[in-house]
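Listed below, chain by chain, are the residues.
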Amino acid sequence: MKKVFKLQDLDCANCARKMEEAIAKLDGVESVSINFMMQKMTITADDARFDEILKNAEKAIKRVDSACCIVK
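Draft legend 1. Broad picture of the packing of aromatic side chains. Summed over all chains, the structure comprises one aromatic pair. An angle of 25 degrees between the planes, with centres 6.4 Å apart, marks the rings of phenylalanine 5 and phenylalanine 50 as stacked. Here phenylalanine 5, found in strand β1 (residues 2–8), pairs with phenylalanine 50, found in helix α2 (residues 50–64); they are 45 residues apart in sequence, far enough to count as distant. For phenylalanine 50, a relative accessible area of 4% corresponds to the buried category.

What follows is the structure in structure tokens.
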């Protein structure tokens, strides 16, 4: 399943890259792309575990930038 989410308070392109790298390592994630200029994250992941993967992705985002969050 592929979904697009708006990110809030993403500070820099370097943070976006670090977030992408961390989320890509999560089990069940097929692909992830974070666009700093658009403040959007596109994630493709296992349908059956998508909610769990999204929670783990949010934790990874917070580790890189504690002010950034996913707008649901």
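What follows picks up the thread again.
Draft legend 2. Examining the packing of helix α1 (residues 13–24) against α2 more closely. At a closest axis distance of 9 Å, the pairing of α1 and α2 adopts a crossing angle of 145 degrees. Between α1 and α2 lies a crossing whose hand is right-handed. Residues Cys15, Lys18, Met19, Ala22 and Ile23 of α1 pack against Ala57, Ala60, Ile61 and Val64 of α2.

Draft legend 3. Seen up close, unusual backbone geometry. Backbone geometry places aspartate 9, a non-glycine residue, at a positive phi of 65 degrees. Within the secondary structure, aspartate 9 is located in the loop between β1 and α1. For glutamine 39, which is not glycine, the phi torsion reads 55 degrees and is therefore positive. Here glutamine 39 shows up in the loop between β2 (29–35) and β3 (40–45). The buried category is assigned to glutamine 39, whose relative accessible area is 16%.

Draft legend 4. How the structure looks around the pairing of β2. As judged from the six bridges shared by β2 and β3, these two strands associate in the antiparallel manner. Pairing of serine 33 across the sheet is with threonine 42, part of β3. In this structure, the hairpin formed by β2 and β3 is closed by a connection of four residues, where glutamine 39 is found at a positive phi of approximately 55 degrees.

Draft legend 5. Spotlight on α1. Helix length check: α1, at 12 residues, gives a terminal C-alpha distance of 16 Å against a target of 16 Å (1.5 Å per residue), a fit within 8%. The set of residues buried in α1 consists of Cys15, Ala16, Met19 and Ile23. Projected onto a plane normal to the axis of α1, the buried residues spread over an arc of 100 degrees and lie on a single side.

Draft legend 6. Quick peek at the environment of glutamine 8. Take glutamine 8: it is sitting in strand β1. Judged by relative accessible area, glutamine 8 falls into the partly exposed class, the value being 40%. Linking glutamine 8 and glutamine 39, residues 31 residues apart in sequence, is a C-alpha distance of 6.9 Å. Those residues in contact with glutamine 8 that sit more than four places away from it in its chain are Gln39, Ala67, Cys68, Cys69 and Val71.

Rules of the game
- Residues numbered from 1 in each chain as written.
- Predicted model: local features only at pLDDT ≥ 70, side-chain atom pairs only at ≥ 80, totals over all residues.
- Heavy atoms only, no water.
- Phe/Tyr/Trp six-rings, centres within 6.5 Å; stacked < 30°, edge-to-face > 60°.
- Helix = DSSP H or I, 4+ residues; strand = E, 2+ residues; numbered from the N terminus.
- Buried < 20%, exposed > 50% of the residue type's maximum accessible area, 1.4 Å probe, protein only.
- Axes fitted to C-alpha atoms, helices over the stretch in contact; angles between N-to-C directions.
- Left-handed = near helix turned anticlockwise from the far one by under 90°.
- Contact = heavy atoms within 4.5 Å.
- Pairing = 2+ DSSP bridges.
- Expected span 1.5 Å × (residues − 1).
- Arc of directions from axis to C-beta.

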